[in-house]
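# Observations on the three-dimensional arrangement
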Amino acid sequence: MSNLKQQLREIHRKVFEVFEYTTDKEQYGLLEKWSIPPEYSDEMTFNGDCDDFAMMCRKLCREAGIENTRLVVCLTETNEGHLVLEVEGYILDNRSRRLETKDSLTNDGYKWLAISGIVPGDQWHGVE
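Here is a short report on the structure shown in this document.

Attention now moves to the nonpolar core. In this structure, Leu 8, Leu 85, Val 87 and Leu 92 are the most contacted members of the largest nonpolar core, which totals 26 residues. When residues of this core are traced back to their parent elements, those giving at least two are α1 (3–18), α3 (50–63), β4 (81–87) and β5 (90–92). A total of 8 residues in this core trace back to one element, the largest contributor, which is α3. The contacts of Leu 8, once residues within four sequence positions are left out, are Cys 61, Ile 66, Val 87, Tyr 90, Leu 92 and Leu 99. In this structure, Val 84, Leu 105, Tyr 110 and Ile 115 belong to the second largest nonpolar core, which totals 8 residues.

Structure representation (structure tokens):
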């Protein structure tokens, strides 16, 4: 197994273990709110939705020196809006207990809509 894949599995596992799914409506009374993730701790409980999960994974990737991360807006197999983190074809997703690949999720019915740049502030791009 590659070092990158091993690092991503560990980051996904760490975030998944402390994450509790809560909608922005439940937590903030808003349909959508993106927030900067808090400092990670093994003892924390991290409440949020898919974008909170993806951004916490992105933060931990960057802290581990993995810079080539992208946020991806997609539709799930039930056509629900969703956000995941993509790193060189690997996908960190709060809907899966394991590290996925873009191909496996595409085969499961995900549709990729837009992808962020690598550097914060980069433009988002449509996915065709």
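Inspection of the entire model under this criterion finds 5 salt bridges. Where salt bridges share partners, they join Glu 10, Arg 13 and Glu 17 into one cluster.

Moving on, we come to the side chain of His 82. Relative to the helices and strands, His 82 is located in strand β4. On the accessibility criterion, His 82 (7% relative accessible area) is buried. Within the structure, His 82 has its side chain in polar contact with the side chain of Asp 93 (distance 2.7 Å). Not counting residues within four places of it along the chain, the set of residues in contact with His 82 comprises Cys 50, Val 72, Val 73, Cys 74, Thr 76, Asp 93, Asn 94, Arg 95 and Tyr 110.

Attention now goes to the sheet that holds strand β7 (residues 111–115). Here we have 6 strands laid out as an open sheet, ordered β6-β5-β4-β3-β7-β8, and antiparallel in their pairing. With one partner strand each, in any of the chains shown, β6 (100–101) and β8 (125–126) form the two edges of the open sheet. As defined by bridge partners, β4 adjoins β5 across 3 bridges and the pair is classed as antiparallel. Each residue of the ladder has a partner; that of Glu 86, found in β5, is Ile 91. Of the strands in this sheet, β4 and β5 are in contact with α1, which crosses β5 at around 10 degrees. Running at roughly 15 degrees to β4, α3 makes contact with β3 (69–75), β4 and β5 of the sheet.

Calculation rules
Sequence positions are assigned chain by chain, starting from 1 and proceeding in written order. Only residues with pLDDT of at least 70 get local features here, since the model is predicted, and only at 80 or more are side-chain atom pairs given and counted; chain-wide, interface and lining totals rely on the full set of residues. Side-chain numbers come from the whole structure's heavy atoms, not from hydrogens or water. Nonpolar core, defined: a set of buried Ala, Val, Leu, Ile, Met, Phe, Trp, Tyr and Cys residues in which side-chain atoms within 4.5 Å join the residues together. Burial classification: accessible surface area is computed with a 1.4 Å probe over protein chains only, and a residue below 20% of its type maximum counts as buried, one above 50% as exposed, and the rest as partly exposed. The helix count covers DSSP runs of H or I at least four residues long, the strand count covers runs of E at least two residues long, and both are numbered beginning at the N terminus. By definition in these notes, contact holds between two residues if any of their heavy atoms fall within 4.5 Å. Salt bridges are defined by distance alone: a side-chain nitrogen of Lys or Arg within 4 Å of a carboxyl oxygen of Asp or Glu. Whenever two N or O atoms come within 3.5 Å, that pair is a polar contact, provided that in protein one can donate a hydrogen and the other can accept it, and provided that, for residues adjacent in sequence, both atoms are side-chain atoms. In this analysis, strands are considered paired if DSSP registers two or more bridges between them. In this analysis an axis means a line fitted to C-alpha atoms, helices contributing only their contacting stretch, and an angle means the value between N-to-C directions, from 0 to 180 degrees.

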